[in-house]
Amino acid sequence: MKKIFYTTLFFSILGLSVESQTTNTAPKTTPKTGPTQTTTQAPKTNANTSSQAANTVHYPRKTTSAKPLVDVKVKIHGLTSGDVMLANHYGDKQFLQDTVTADANGFVEFKADTLYPGGIYLVVLPSKKYFEIVMTDQQVFSVETDTTDLITHMKVTGNKENQYFYEYLNYLSSLQSKMEPIQKKYDAAKTAGKKDSMAIYQKQIAAIDSTVKAYKRDYAKNKHPETFMAEVLRAMDEPDQLPYSQCPKKANGDIDSSYVYWNFRNHYWDGMTFSDDRLIRTPVYANKLKFYLDKVVPQHPDSIAAACDYIIDKCKPSKELFKYTVYYCTYTYETDKRMGFDAIFVHLVDRYYATKQVWWVSEDQMTKILNRAKQLSYVQVGKPSVNLMLQDTSGVVKPLQSVKATYTVLIFWDPTCSHCKKEVPIIKAYVDSLHKVGVSVEVYGIYSELDYPTWKKFIRDNKLNWINVCAKDQQELATAKYYYDVFSTPTIVLLDENKNIIAKRIDAESLKTVLDRELSKAKKPN
């Protein structure tokens, strides 16, 4: 875990500002228009934005008052023309707030009658280089810099928050220059297999890492504790790692090797102020949430679902954090390709959407989301399968639940489907081989169309000694496909003796892997 967490401790999220001097690509900004097209609709920000770009042009907002609440003057030496954009972070994306054309002296001015929502904003140059500024309640100030080095040449007037911010960024930049040669030496030693040298460089890297962490904590606790950046740095902070030898001991005297993990997990969110809407307009929260769900929480649907609930409940004091977290978790696990992880999506929809806690979702989108979760609920790994009452080639009804076998392979297939022509013979050969060694397994093969002669001919020609069934009409077929979430063929589901779902959406090779594993488990003594 130490190696994994190191990269998150050095430069971490706000390293984006430091790196802006060497990259030619700014984060993609999104115009403030239109709804998303995803099933789980993305939350709109206070600026009425969406998470999907649209083909529209955004023009600078006009001011009507003599003294606007927003008046950010930007002077960039070396810039002589072009549009300069002001964008804000929102979760893991960036959104366009304003665009102003620079004059021949590199001057632009962002003005507005209403305050921008607090957070970290990006000033993006025509070259796509960018720098960041902090927006709090004081949004009348000036910044001046140079295109040769946006960070080190930055001068801020009229805003202490941003003065402190650039002191912080310049400090990180100075340490980055120290870190880079050490990292290169470490990489070279690793390539050469020189473990002693690697250990030396690791200590040097760890020392810089500790210096950075101490600086951040001192900034947040002592130097500028009332600033928004202090809030950001506290949110970024992570628990210290206790050396293995110093971990607590169990009752039997052995060191508790799980202590480091549980200490990290239990205190991971300690510095986060879940009531502060502004944190959603920084890159910190989105990255921290993703790392927590992907790396800290065990990758099992039940564990992740519980972790999502834990964070979402914490976010309830902040509308912005709450809606982003619900959206992120729902969308992430709706689209997760890992088998069984759609159970997290179903859980989240039942808990937050069905109970009408997601005020930002339109009625049409809500209907789609609820219907999708309902459909997926019928085909969950570990849950009972839905019984099907379909007829065989002779017109005799063969209920799925009547199949007497320790394992049942349910497959929706079509003899005209090219992929089915490849997969079906593999499945047949595999199942036949299991029959030869006495394994109790049957195939419940469901024809996914209604062209019965073509279906029967394929069964005869390929000697499919399966329980071959079909629907009597389009309605019965559509119902069967609905319950098993069939939108392509072949669709394969593996059932146990009680017709509970072991695996779903697997191909022929995956079926062999999963069933071989189940057979191996069955052979092991209790």
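Peer 1: Honestly, the sheet that holds strand S9 (residues 155-157) in this entry has me stumped. Any pointers?
Peer 2: Sheet strands pair by backbone hydrogen bonding; their relative direction is either parallel or antiparallel. Spatial ordering of the open sheet is given by S5-S2-S8-S9, a layout of 4 strands whose pairing is mixed. Strands at the two margins of the open sheet, each flanked by one partner only, are strand S5 (107-112) and S9. Strand-to-strand twist of the sheet, defined as the mean angle between neighbouring strand axes without regard to direction, takes the value 15°. Taken together, the 3 bridges between strand S8 (residues 140-146) and S9 define a ladder with antiparallel strand orientation.

Peer 1: When you look at the nonpolar core in this model, what are you seeing that I'm missing?
Peer 2: When a protein is soluble and globular, its nonpolar side chains tend to lie buried together. One finds Phe131, Ile133, Tyr168 and Tyr285 to be the most contacted residues of the largest nonpolar core, which totals 100 residues. If one sorts the elements of this core by residue count, helix H3 (residues 160-192) sits on top with 10 residues. Ranked by size, the runner-up nonpolar core spans 31 residues in total, among them Trp413, Ile427, Val441 and Phe458.

Peer 1: Sorry if this is basic, but what is going on with the pairing of strand S12 (residues 407-413) here?
Peer 2: Walk down a regular strand and you will see the side chains alternate between the two sheet faces. Most of S12 sits inside the fold, with 7 of its 7 residues counted as buried. As paired elements, S12 and strand S13 (residues 441-447) share 7 bridges and run parallel to each other. Opposite Val409, over in S13, you have Val443 as the bridge partner. The parallel pair S12 and S13, bridged by helix H12 (residues 418-436), forms a crossover whose chirality is right-handed.

Peer 1: I keep staring at the packing of aromatic side chains and nothing clicks. Help me out?
Peer 2: What describes a pair of aromatic rings is the distance from one ring centre to the other and the angle between the planes of the rings. For the coordinates displayed, the defined rule picks out 29 aromatic pairs. Centre to centre, the rings of Tyr261 and Trp262 are 5.0 Å apart; their planes meet at 70°, and the pair counts as edge-to-face. The aromatic ring of Tyr268 is capped on one face by Lys288, whose charged end is 4.2 Å from the ring centroid. Sitting above the plane of the Trp359 ring, Lys319 keeps its charged end 5.8 Å from the centroid.

Peer 1: Even after reading the chapter, I still don't get the sheet that holds strand S10 (residues 389-392), so can you show me in this structure?
Peer 2: The sheet built from 7 strands is open, its strands ordered S11-S10-S14-S13-S12-S15-S16 with mixed pairing. Edge strands, defined here as strands with exactly one partner in the open sheet, are strand S11 (397-399) and strand S16 (501-504). Between one strand and the next, the sheet's axes are offset by a mean angle of 30°, whatever the strand orientation. The sheet contact formed by S12 and strand S15 (residues 491-495) spans 5 bridges and is antiparallel.

Peer 1: Is there a simple way to explain the packing of helix H8 (residues 301-315) against helix H10 (residues 342-353) in this structure?
Peer 2: What describes two packed helices is the angle between their axes and the distance between those same axes. Two elements in contact, H8 and H10, have axes separated by 9 Å at closest approach and are oriented at 35°. Considering how the two elements wind past one another, H8 and H10 form a crossing that is right-handed. Facing H8, whose interface residues are Pro301, Ile304, Ala305, Cys308, Asp309, Ile312 and Asp313, H10 presents Ile344, His347, Leu348, Arg351 and Tyr352. Its residues assigned to classes, the contact of H8 with H10 shows 8 nonpolar, 1 polar and 3 charged.

Peer 1: Explain the pattern of salt bridges here, please?
Peer 2: Pairs may arise between side chains of opposite charge once their charged atoms sit close together. Under the counting rule described, the total for this entry stands at 23 salt bridges. Glu320 is paired through a salt bridge with Arg281; the nearest N and O atoms lie 4.0 Å apart. Here Glu320, found in helix H9 (residues 319-334), pairs with Arg281, found in the loop between helix H6 (259-267) and helix H7 (283-296); they are 39 residues apart in sequence, far enough to count as distant. Taking the relative accessible area as the measure of exposure, Glu320 reaches 4% and is therefore buried. According to the relative accessible area criterion, Arg281 is buried, its value standing at 2%. Between Arg338 and Asp336 there is a salt bridge, with its nearest N and O atoms 2.8 Å apart. Note on Asp336: relative accessible area 17%, which makes it buried. Connected through shared salt-bridge partners, Lys213, Arg217, Asp237 and Asp240 make up one network.

Rules and cut-offs
- Every chain's residues receive numbers from 1 upward, in the order its sequence appears when written.
- At least 70 in pLDDT is required for a residue's local features to be given in this predicted model, at least 80 for side-chain atom pairs to be given and counted, and no such filter applies to totals for whole chains, interfaces and linings, which use all residues.
- Only hydrogens and water are set aside; all other atoms, that is, all heavy atoms of the structure, feed into the side-chain values.
- Note on pairing: two strands pair once DSSP finds at least 2 bridges between them.
- Working definition: helices are DSSP H or I runs of at least four residues, strands are E runs of at least two. Numbering for both runs from the N terminus.
- The convention used is that axes are lines fitted to C-alpha atoms, helices contributing only their stretch in contact, and that angles between N-to-C directions extend from 0 to 180 degrees.
- Definition used in this section: a nonpolar core is a set of buried Ala, Val, Leu, Ile, Met, Phe, Trp, Tyr and Cys residues joined via side-chain atoms within 4.5 Å.
- The buried label goes to any residue with under 20% of its type's maximum accessible area, the exposed label to any with over 50%, and the partly exposed label to all in between, with areas taken from a 1.4 Å probe on protein chains only.
- Orient the strands so they point away from the viewer; a crossover is then right-handed if the path from the first strand over the helix to the second runs clockwise.
- Working definition: a ring pair exists when centres of Phe, Tyr or Trp rings (six-membered ring for Trp) sit within 6.5 Å. Plane angles under 30 degrees give stacked, over 60 give edge-to-face, the rest tilted.
- In our convention, an over-ring charge means Lys NZ or Arg CZ found within 6 Å of a ring centre and within 35 degrees of that ring's normal.
- Put simply, a crossing is left-handed when the front helix is turned counterclockwise from the back one by less than a right angle, and right-handed when it is turned clockwise.
- In what follows, residue pairs with any heavy atoms lying within 4.5 Å of each other are defined as contacts.
- Side-chain classes follow a simple rule in which Ala, Val, Leu, Ile, Met, Phe, Trp, Tyr, Cys and Pro form the nonpolar group, Asp, Glu, Lys and Arg form the charged group, and the remainder, Gly included, forms the polar group.
- The rule for a salt bridge is simple: a side-chain nitrogen of Lys or Arg has to be within 4 Å of a carboxyl oxygen of Asp or Glu.

Spatial relationships are all this shows, so hold off on functional conclusions.
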